[in-house]
Amino acid sequence: VNKTLCDTASVLIPRKGSLNNLMYVRNPFWSVDTMFYTLFKNKNVVKYLFYSLNRLNLLEMNVGSAVPSMTTKVLNNLDLIFPDEKILCAFDEKVEQIYLKKEADELQSQTLTQIRDTLLPQLITGKLSVPEALLRIAEVESKQESS
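Residues numbered from 1 in each chain as written. Predicted model: local features only at pLDDT ≥ 70, side-chain atom pairs only at ≥ 80, totals over all residues. Heavy atoms only, no water.

Draft legend 1. How the structure looks around the overall build of the protein chain. Looking only at helices and strands, the protein chain has four helices and three strands in total. Ordered by position in the sequence, the α and β elements of the protein chain form the string β-β-β-α-α-α-α. In terms of overall size, the protein chain is more extended than a compact globule, its C-alpha atoms giving a radius of gyration of 22 Å where 147 residues would be expected to give roughly 15 Å. In the protein chain, once contacts between residues fewer than 6 apart in sequence are set aside, the share between residues at least 24 apart is 60%. Side-chain charges in the protein chain split into 17 positive and 17 negative, and the spacing between the mean points of these groups amounts to 5 Å. (Helix = DSSP H or I, 4+ residues; strand = E, 2+ residues; numbered from the N terminus. Rg over C-alpha atoms; globule rule 2.2 N^0.38 Å. Contact = heavy atoms within 4.5 Å. Lys, Arg positive; Asp, Glu negative; His and termini not counted. Charge placed at Lys NZ, Arg CZ, Asp CG, Glu CD.)

Here it is in structure tokens:
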């Protein structure tokens with residue numbers, strides 16, 4: 001596949017199987033036939049819907065016999081309360097800050113893991129001294145800050 005199904009934020013809702021396994025996606029994605037994906041007229045609704053649906057027990061809404069199943073009829077009949085636009089915007093902004101911090105933390109964790117995996121074997125074998133390792137760490141941090 002060389003084209004994504006959707007390139008906007010979405011909530012993925014299980015159609016078969018683990019019905020409580022909701023997903024919030026921020027990046028372009030492809031879906032599978034066992035998931036519903038959502039398209040929104042108002043982008044400020046996405047995160048709110050994700051957290052609202054997560055409070056529900058979708059497994060209790062199962063309409064399948066052998067395999068847990070969800071239908072659009074069940075989803076369309078959900079009675080959800082949405083706040084006004086001002087509150088939705090405020091909620092979206094606060095949650096977005098949390099997601100951005102989480103992404104930055106994950107990137108930093110990956111960088112630190114790479115540094116550890118690269119430098120530790122060299123330190124253990126004596127191919128690299130502690131001052132040299134500290135210089136390399138500083139170089140990596142400098143590159144990361146500039147990008």
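Draft legend 2. Spatial organisation of the packing of aromatic side chains. Applying the stated criterion across every chain yields a total of seven aromatic pairs. For the pair Tyr24 and Phe50, a centre-to-centre distance of 5.9 Å together with 40 degrees between the ring planes defines the contact as tilted. Residue Tyr24 is found in strand 2 (residues 23-25), and its partner Phe50 is found in helix 1 (residues 46-54); the two are separated by 26 residues along the sequence. Judged by relative accessible area, which is 14%, Tyr24 ranks as buried. Between the aromatic rings of Phe50 and Tyr51, the centroid separation amounts to 5.0 Å while the plane-to-plane angle is 75 degrees, which identifies the pairing as edge-to-face. Classification of Phe50 as buried rests on a relative accessible area of 10%. Three or more aromatic residues joined by ring pairs form one cluster here, namely Tyr24, Tyr48, Phe50, Tyr51, Phe82, Phe91 and Tyr99. (Phe/Tyr/Trp six-rings, centres within 6.5 Å; stacked < 30°, edge-to-face > 60°. Buried < 20%, exposed > 50% of the residue type's maximum accessible area, 1.4 Å probe, protein only.)

Draft legend 3. Just the nonpolar core, in detail. Of all hydrophobic cores here, the largest spans 18 residues; its most connected members are Val11, Ile13, Leu22, Phe50, Leu53, Leu58 and Met70. Secondary structure elements with two or more residues in this core: strand 1 (10-14), helix 1 and helix 3 (85-125). Top contributing element to this core by residue count: helix 1, with five residues. Among the nonpolar cores identified, the runner-up in size contains five residues, and Cys6, Leu12, Val25 and Phe29 belong to it. (Core = buried A, V, L, I, M, F, W, Y, C linked by side-chain atoms within 4.5 Å.)

Draft legend 4. Examining the packing of helix 3 against helix 4 (residues 130-146) more closely. Between helix 3 and helix 4, the least distance of the axes is 11 Å, while the angle of their chain directions is 155 degrees. When the interaxial angle is binned, helix 3 and helix 4 end up roughly antiparallel. For the pair helix 3 and helix 4, the sense of crossing is right-handed. Across the interface between the two elements, Leu107, Gln108, Thr111, Ile115, Leu119, Gln122 and Leu123 from helix 3 touch Val130, Ala133, Arg136, Ile137, Val140 and Gln144 from helix 4. (Axes fitted to C-alpha atoms, helices over the stretch in contact; angles between N-to-C directions. Parallel < 35°, antiparallel > 145°, perpendicular 65-115°, else oblique. Left-handed = near helix turned anticlockwise from the far one by under 90°.)

Draft legend 5. Structural context of the side chain of Asp92. Relative to the helices and strands, Asp92 resides in helix 3. Once residues within four sequence positions are removed from consideration, Asp92 is found in contact with Lys43, Asn44 and Lys47.

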